[in-house]
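Per-entry structural report
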Amino acid sequence: MYLVCPSCTATNRIPNERLRDEPVCGKCGHALMAAQPVAISEQALPKFIAD
Ligand SMILES: [Zn+2]
């Protein structure tokens, strides 16, 4: 899959088998998984979209 770096916005192709290994950006070394909104539940998401 592809992950966009939250630090430099570079697109990184990450093999599925490496997703659990905390992949980092190949350009700047920032942790890519930090970009995922893990703190937002599915129930809370519609509120963000509505605003
Ligand atoms: Zn980066």
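Residues numbered from 1 in each chain as written. Predicted model: local features only at pLDDT ≥ 70, side-chain atom pairs only at ≥ 80, totals over all residues.

**Side note on the overall build of the protein**
We apply this condition: Helix numbers and strand numbers start at the N terminus; a helix is a DSSP run of H or I with at least 4 residues, a strand a run of E with at least 2. Any residue surrounded by 20 or more other C-beta atoms within 10 Å of its C-beta is treated as buried, while 12 or fewer makes it exposed and the intermediate range makes it partly exposed; C-beta atoms here are placed from the backbone. Each residue is represented by a C-beta atom placed from its backbone, and any two residues with such atoms within 7 Å are regarded as in contact.
Secondary structure summary: the protein contains 1 helix and 2 strands in total. Helices (α) and strands (β) of the protein occur, in sequence order from the N terminus, as β-β-α. Taking all 51 residues of the protein together, the buried fraction comes to 6%. Within the protein, residue pairs in contact and separated by at least 24 positions form 18% of the contacts whose partners lie at least 6 positions apart.

**Re the environment of Lys27**
Checked against the element boundaries, Lys27 lands in the loop between β2 (11–13) and α1 (45–50). Sequence separation between Lys27 and Cys8 is 19 residues; the distance between their C-alpha atoms is 7.9 Å. In this structure, Lys27 is in contact with Cys5, Cys8 and Ala10, ignoring residues within four places of it in sequence.

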